[in-house]
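# Summary of structural features
Okay, here's what each chain looks like letter by letter:
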Amino acid sequence: MFYLILVILLVILVVGPSYWVKHIMEKYSQPDDRYACTGAELARTLLDRANLQQVRIETTELGDHYDPLEKVVRLTSDKFNGRSLTAITVAAHEVGHAVQDRDDYLPLKMRTRLVQLAAPAEKMGASILMLAPLVVALVRVPLAGALFLAGGLLTLGTSTLVHLLTLPMEMNASFVRALPLLEQGNYLKQGDAPHARRLLKAAAWTYVSASLMTLLNIARWWAIIRR
């Protein structure tokens with residue numbers, strides 16, 4: 001019973017934030033014509049006001065984000081073409097990252113570097129985990145397998161570390177950069193400010209929920225190795 005309760009709590013801890021973020025985003029996606037401008041149009045306006053005319057705006061299927069290397073705000077099609085409160089608020093959040101980049105915000109620079117290191121580390125981690133049983137079978141030294149397993153788990157966990165360490169950066173993009181842009185320009189309709197704050201918090205927590213889901217991936221590999 002103790003382990004069952006522990007598993008249930010773990011699932012709630014991991015899935016809960018992801019479900020909450022998705023719920024908030026979907027809740028304010030309707031009505032989808034609440035605003036006159038699309039997310040992309042508002043992003044362009046905010047970027048120009050911040051003297052960031054060189055930053056481009058593109059659609060993406062990889063999730064809303066700002067690319068500090070390419071200097072591009074990327075929005076999924078529902079945000080790019082959408083006119084909902086979710087669309088314009090998420091667009092403002094990503095512009096907030098562009099403003100951080102303009103201001104040489106140190107946490108953003110650190111995260112950019114960590115992300116560059118995390119991608120190859122994750123691939124290496126997956127390879128190590130796949131090779132671990134073979135190494136144990138060939139050399140018949142449990143320690144070798146343990147080392148491979150530890151290395152694999154550590155490298156797979158790099159993305160988790162990146163996401164958890166960058167929550168303050170995300171909150172800064174939402175509430176220090178994006179929210180003032182929305183309020184100063186009076187872009188929000190009357191009564192939408194409290195809801196926009198919830199959306200900005202959800203946008204900031206997107207990476208945290210993603211990092212928690214990564215823990216499930218690590219647990220899956222652990223279960224495979226133990227078989």
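Residues numbered from 1 in each chain as written. Predicted model: local features only at pLDDT ≥ 70, side-chain atom pairs only at ≥ 80, totals over all residues. Heavy atoms only, no water.

Under an unreviewed UniProt entry, the name given to the protein is Peptidase, and the source organism is Nitrosomonas communis.

### Considerations on the sheet that holds strand S2 (residues 65–67)
Pairing in this open sheet of 3 strands is mixed, and the strands run S1-S3-S2 from one edge to the other. Where the open sheet ends on each side, the last strands, each with one partner, are strand S1 (56–59) and S2. In this sheet, adjacent strand axes meet at a mean angle of 25° when their direction is disregarded. For S2 and strand S3 (residues 72–75), the ladder comprises 3 bridges, and the chain directions are antiparallel. The residue of S3 that forms the bridge with Asp67 is Val72. In this fold helix H2 (residues 39–49) packs onto S1 and S3, with an angle of close to 165° to the strand it touches most, S1. Lying on the sheet, helix H4 (residues 85–102) is in contact with S2 and S3; it crosses S2 at an angle near 25°. (Pairing = 2+ DSSP bridges. Helix = DSSP H or I, 4+ residues; strand = E, 2+ residues; numbered from the N terminus. Axes fitted to C-alpha atoms, helices over the stretch in contact; angles between N-to-C directions. Contact = heavy atoms within 4.5 Å.)

### Things to note about the packing of H4 against helix H8 (residues 167–184)
It is the contact of H4 with H8, at a shortest axis distance of 8 Å, that shows an interaxial angle of 105°. Considered as vectors, H4 and H8 are oriented roughly perpendicular to each other. Between H4 and H8, the residues in contact are Ala92, His93, Val95, Gly96, His97, Val99 and Gln100 and Met169, Glu170, Asn172, Ala173, Ser174, Arg177, Ala178, Leu181 and Leu182, respectively. When grouped by side-chain class, the residues that make up the contact of H4 with H8 number 8 nonpolar, 6 polar and 2 charged. (Parallel < 35°, antiparallel > 145°, perpendicular 65-115°, else oblique. Nonpolar A, V, L, I, M, F, W, Y, C, P; charged D, E, K, R; others polar.)

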